[in-house]
Amino acid sequence: EDKVVQSPLSLVVHEGDTVTLNCSYEVTNFRSLLWYKQEKKAPTFLFMLTSSGIEKKSGRLSSILDKKELFSILNITATQTGDSAIYLCGWGGEKLTFGTGTRLTIIP
Amino acid sequence: DVKVTQSSRYLVKRTGEKVFLECVQDMDHENMFWYRQDPGLGLRLIYFSYDVKMKEKGDIPEGYSVSREKKERFSLILESASTNQTSMYLCASSFPPGQGTDGELFFGEGSRLTVL
C-alpha cells in the first residue's frame with residue numbers, strides 16, 4: 001500500500017526561525033512529489049519535484065527530493081506569521097496520495 | 001484564472017439523508033478527485049475519475065458514490081449520511097500525467113458537512 005508520512009505532525013516556532021518539514025514515502029510508480037500549503041481554505045500549490053537533488057526555491061521556501069532515500073524536505077527560512085498553515089506533501093501518479101500534513105504555527 | 005467550484009461551502013444534514021456535493025472545474029481537466037480531510041488524518045482520497053462516466057475507488061470509498069456525466073462536473077453522493085461522515089470535503093482536478101502541469105492538483109475551497 002502506498003504511504004506518505006510527514007513529520008513532525010505539528011511545530012510551533014518563533015517568527016524569524018528556520019524550519020524543516022519532512023516527507024517520506026513508500027510508493028509504486030513514483031512520478032512526482034508535491035508540496036501544498038493550506039491556510040483556511042483550499043490547499044495552494046508550492047512545489048512539484050520529480051528529480052533527485054535539484055532544489056526548487058520560491059522566496060524563503062525551498063524544497064528538495066531524494067529519490068534514493070525516498071524523502072523530501074521543505075525549508076522555510078526567516079519565518080513569518082503568514083507562514084502559519086498546514087503543509088501537505090503528496091505523491092503524484094495516477095492519483096495524488098497525501099500525508100497527514102504538518103501544522104506549522106509561527107509565534108510573533 | 002483556474003477555477004474549481006464547490007457548490008456548497010457549509011451543509012448540515014441529518015443521519016439517513018441523501019447528500020449531494022457538486023464540483024465544477026473550468027480548466028478542461030480530464031482528472032477529478034474527491035477527498036475528505038479530518039484532523040490528524042490528512043487528506044484521504046474517496047473517489048476519482050479519469051474521464052466522463054469513468055470512476056475509480058480511492059482509499060475510503062465506503063458509504064460514498066460518485067457521478068461524472070459531464071467532463072467539467074464531478075458529484076459526490078452520500079446515499080445515507082452518517083455522523084462519521086462529518087468532515088471537510090475537497091474536490092480537485094488535474095491534467096493526466098504527461099500533460100500540462102503533470103500531476104498538480106487544483107483544489108476547490110471545500111464543503112464542510114455536518115451530519116447530526
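Whatever comes next refers back to the structure up there.
What comes next is a walk through the structure. Note that this is a predicted model, so its numbers are computed, not measured.

A short note on the pattern of salt bridges
Residue and element names in this part refer to chain B.
Turning to step 1, where the next piece is worked out: The full count for this structure, using the stated rule, is 10 salt bridges over all chains.
Turning to step 2, where the next piece is worked out: A salt bridge links Lys 71 to Glu 30, with the shortest nitrogen-to-oxygen separation between them at 3.6 Å. You can see Lys 71 sitting in the loop between strand E7 (65–70) and strand E8 (73–78) and its partner Glu 30 sitting in the loop between strand E3 (19–25) and strand E4 (31–38), a full 41 residues away along the chain.
Turning to step 3, where the next piece is worked out: Among the charged side chains, a network of salt bridges with common partners joins Asp 28, Glu 30 and Lys 71.

Overview of the packing of aromatic side chains
Turning to step 1, where the next piece is worked out: Within the structure shown, the criterion is met by 10 aromatic pairs over all chains.
Turning to step 2, where the next piece is worked out: Judged by centre distance (5.4 Å) and plane angle (75°), the ring pair of Phe 98 of chain A and Tyr 35 of chain B falls under edge-to-face. Of this pair, Phe 98 of chain A sits in strand E10 (residues 96–98) while Tyr 35 of chain B sits in strand E4, on two different chains. Accessibility assignment for this pair places Phe 98 of chain A and Tyr 35 of chain B in one class, buried.
Turning to step 3, where the next piece is worked out: Aromatic pair Tyr 64 of chain B and Tyr 89 of chain B: ring centres 5.9 Å apart, planes at 65°, arrangement edge-to-face. Taken together, the residues span a long stretch of sequence, with Tyr 64 of chain B in the loop between strand E6 (56–57) and E7 and Tyr 89 of chain B in strand E9 (residues 87–94) at a distance of 25 residues.
Turning to step 4, where the next piece is worked out: Since its relative accessible area comes to 8%, Tyr 64 of chain B is described here as buried.
Turning to step 5, where the next piece is worked out: Among the aromatic side chains, those forming a connected cluster through ring pairs are Tyr 36, Phe 45 and Phe 98 of chain A together with Phe 33, Tyr 35, Phe 48, Tyr 50 and Phe 107 of chain B.

What to know about the interface of chain A and chain B
Turning to step 1, where the next piece is worked out: If you look at the interface, chain A gives 18 residues, while chain B gives 24 residues.
Turning to step 2, where the next piece is worked out: Of the roughly 1700 Å² buried between chain A and chain B on both sides combined, carbon and sulfur atoms contribute 57%.
Turning to step 3, where the next piece is worked out: If you look at where chain A meets chain B, you find 0 salt bridges.
Turning to step 4, where the next piece is worked out: One can count 2 residue pairs in polar contact (both at pLDDT 80 or more) joining chain A with chain B.
Turning to step 5, where the next piece is worked out: At the level of secondary structure, the elements contributing two or more residues to the side of chain A that touches chain B comprise strand E4 (32–38), strand E5 (44–49) and E10 of chain A.
Turning to step 6, where the next piece is worked out: For the side of chain A that touches chain B, the leading source of residues is E4 of chain A, giving 4 residues.

Some words on the state of the cysteines
Cysteine pairs can be covalently joined through their sulfur atoms, and such a bond is termed a disulfide.
Residues and elements named next belong to chain A.
Turning to step 1, where the next piece is worked out: Under the counting rule described, the total for this entry stands at 2 disulfides over all chains.
Turning to step 2, where the next piece is worked out: Each sulfur of the disulfide joining Cys 23 and Cys 89 lies 1.8 Å from the other. Disulfide Cys 23-Cys 89: torsion about the S-S bond near -50°, hence left-handed. Here Cys 23, found in strand E3 (residues 19–26), pairs with Cys 89, found in strand E9 (residues 85–92); they are 66 residues apart in sequence, far enough to count as distant. The two residues Cys 23 and Cys 89 agree in class, both being buried.

Rules of the game
Residues numbered from 1 in each chain as written. Chains lettered and ligands numbered in written order. Predicted model: local features only at pLDDT ≥ 70, side-chain atom pairs only at ≥ 80, totals over all residues. Heavy atoms only, no water. Salt bridge = Lys/Arg side-chain N within 4 Å of Asp/Glu carboxyl O. Helix = DSSP H or I, 4+ residues; strand = E, 2+ residues; numbered from the N terminus. Phe/Tyr/Trp six-rings, centres within 6.5 Å; stacked < 30°, edge-to-face > 60°. Buried < 20%, exposed > 50% of the residue type's maximum accessible area, 1.4 Å probe, protein only. Contact = heavy atoms within 4.5 Å. Buried area = accessible area lost by both parts, 1.4 Å probe. Polar contact = N/O pair within 3.5 Å; in protein donor to acceptor, adjacent residues only side chain to side chain. Disulfide = S-S within 2.5 Å.

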